[in-house]
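As a plain string of letters, each chain reads:
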Amino acid sequence: MAKIDKKTLKQIEYHLASKNYVDYVQLVHDGLWLKSRFGRFLCDEIQAFVEADTGHSYDILIVNVPPQTGKSMTLTSTLPSWYLGKNPFGKVIELSYNTDYARQFGRQNREKIREFGDKVFGIKVASRPSGELTFELENHVGGMISRGVDAGVTGRGCTLMIIDDPIKNRKEADSKTTRDRLWNEWTDSYRTRLAAGAKVILIMTRWHQDDLAGRIIEREKNVRVLNLPCEAEENDPMGREEGEPLH
């Protein structure tokens, strides 16, 4: 059997990354992300969610995964760059509990597009705006903005919204004032930014039943919850046996 040269292998790798989110995540993290059973499952679920044409005004996926499992690396720091590669006229809004985290996620996605966007998808970051909190693609339509949950997104629309840990800790989660404020932001601000057919992914550690996830489950339509505890419970989404660990 003839050997495949390195250049051809790299082109195959780029092609797979353009088609499959799990291959993209593995490519852009250069060995720091392992294609575990959990990682593959999460990537496949996310890809299926963002690609599904449901005909709904918007769809919401709530991802409930324990801390320190790589969920932000798999999702928030990577998905927007892949999504914009697949949808170069799409618009992403990412929200975190403060601006520092939002800036980090914006920068990570921008740099992934700078390094891999042209090779994998044929897209590039525009020269301006090209900051950590706001950047656009060269077409000046597609792009991403990242904000703290209190910073506001007035005047910005999106086709994909990612809300990553909007609550900092249990103290905030136990505060009804904080929970009410976050819910008001969702109803009065975030939700009004969604374009027709938009996708919303909410990733959060749940400390309180009446948190943002709980209220969305109770009051919104077209919501799916992906619950993956450390140890599998009955009817585990991954097909694990009861008590089987996540990793």
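Residues numbered from 1 in each chain as written. Predicted model: local features only at pLDDT ≥ 70, side-chain atom pairs only at ≥ 80, totals over all residues. Heavy atoms only, no water.

1. A closer look at the packing of helix H1 (residues 6–19) against helix H2 (residues 21–28)
When two helices pack together, their arrangement is given by the angle between their axes and by how far apart the axes lie.
And then number 1: Across the interface, H1 lies against H2 with an axial gap of 5 Å and an inter-helix angle of 130°. For the element pair H1 / H2, the angle class is oblique. In this structure, H1 meets H2 at a crossing whose hand is left-handed. Each of Glu 13, Tyr 14, Leu 16, Ala 17 and Lys 19 in H1 lies in contact with H2, whose residues at this interface are Tyr 21, Asp 23, Tyr 24 and Leu 27. (Axes fitted to C-alpha atoms, helices over the stretch in contact; angles between N-to-C directions. Helix = DSSP H or I, 4+ residues; strand = E, 2+ residues; numbered from the N terminus. Parallel < 35°, antiparallel > 145°, perpendicular 65-115°, else oblique. Left-handed = near helix turned anticlockwise from the far one by under 90°. Contact = heavy atoms within 4.5 Å.)

2. Some words on the packing of H2 against helix H6 (residues 99–120)
And then number 1: Packing of H2 against H6 leaves a shortest axis separation of 11 Å and a crossing angle of 130°. In terms of orientation, H2 and H6 fall into the oblique class. Two packed elements cross with a definite hand, and for H2 against H6 that hand is right-handed. Counting all contacts with H2, which are made through Tyr 24, Leu 27 and Val 28, the residues of H6 involved are Lys 112, Phe 116 and Val 120.
And then number 2: Here the contact of H2 with H6 is built from residues that sort into 5 nonpolar, no polar and 1 charged. (Nonpolar A, V, L, I, M, F, W, Y, C, P; charged D, E, K, R; others polar.)

3. Re the pairing of strand S5 (residues 143–148)
And then number 1: Among the 6 residues in S5, 6 count as buried, and that is most of the element.
And then number 2: Alternating residues of S5 divide into Gly 143, Ile 145 and Arg 147 and Met 144, Ser 146 and Gly 148, and every residue in both groups is buried.
And then number 3: The pairing of strand S2 (residues 91–96) with S5 spans 6 bridges and is parallel. Considered in S5, the bridge of Ser 96 is made with Gly 148.
And then number 4: Two strands pair when backbone bridges link them, and strand S4 (residues 134–137) and S5 are joined in this way by 3 bridges, in the antiparallel orientation. Its bridge partner lying in S5, Thr 134 is registered against Ile 145.
And then number 5: Connecting S4 to the antiparallel partner S5 that follows it, the hairpin turn spans 5 residues, and His 140 within it adopts a positive phi of roughly 60°. (Buried < 20%, exposed > 50% of the residue type's maximum accessible area, 1.4 Å probe, protein only. Pairing = 2+ DSSP bridges.)

4. What about the sheet that holds S5?
And then number 1: Spatially, S3-S4-S5-S2-S6-S7-S1-S8 is the arrangement adopted by the 8 strands of the open sheet, whose pairing is mixed. A strand with exactly one partner marks an edge of an open sheet, and here the two such strands are strand S3 (125–130) and strand S8 (223–227). Averaged over all adjacent pairs, the angle separating strand axes in this sheet is 15°, with direction ignored.
And then number 2: Note that S3 and S4 share 2 bridges and pair antiparallel. Directly across from Val 125, in S4, lies its bridge partner Leu 137.
And then number 3: On top of the sheet, helix H8 (residues 176–190) reaches strand S1 (58–64), S2, strand S6 (158–164) and strand S7 (194–203); it is set at about 170° to S6, its chief contact.

5. Quick word on the side chain of Thr 134
And then number 1: Within the secondary structure, Thr 134 sits in strand S4.
And then number 2: Owing to a relative accessible area of 19%, Thr 134 belongs among the buried residues under this scheme.
And then number 3: At a separation of 3.3 Å, a polar atom in the side chain of Thr 134 contacts the side chain of Arg 147.
And then number 4: In this structure Thr 134 touches Pro 129, Met 144, Ile 145, Arg 147 and Arg 156, once residues within four positions along its chain are discounted. (Polar contact = N/O pair within 3.5 Å; in protein donor to acceptor, adjacent residues only side chain to side chain.)

6. Topic: the environment of Val 28
And then number 1: In this fold, Val 28 is placed in helix H2.
And then number 2: The sequence separation of Val 28 and Asp 210 amounts to 182 residues, and the corresponding C-alpha distance is 37 Å.
And then number 3: Excluding residues within four positions of it along the chain, Val 28 makes contact with Thr 78, Lys 112 and Phe 116.

7. Here's the deal with the pattern of salt bridges
And then number 1: Considering all chains together, one arrives at 18 salt bridges under this definition.
And then number 2: Between Arg 114 and Glu 111 there is a salt bridge whose closest N-O contact spans 3.0 Å. Of the two residues, Arg 114 and Glu 111 are both situated in helix H6; the distance of 3 residues between them amounts to about one turn of the helix.
And then number 3: You can call Glu 111 partly exposed: its relative accessible area is 33%.
And then number 4: Through salt bridges with shared partners, one network takes in Lys 176, Arg 179, Asp 180, Asp 210 and Arg 215. (Salt bridge = Lys/Arg side-chain N within 4 Å of Asp/Glu carboxyl O.)

Everything listed here is a matter of geometry and, on its own, says nothing about what the molecule does.
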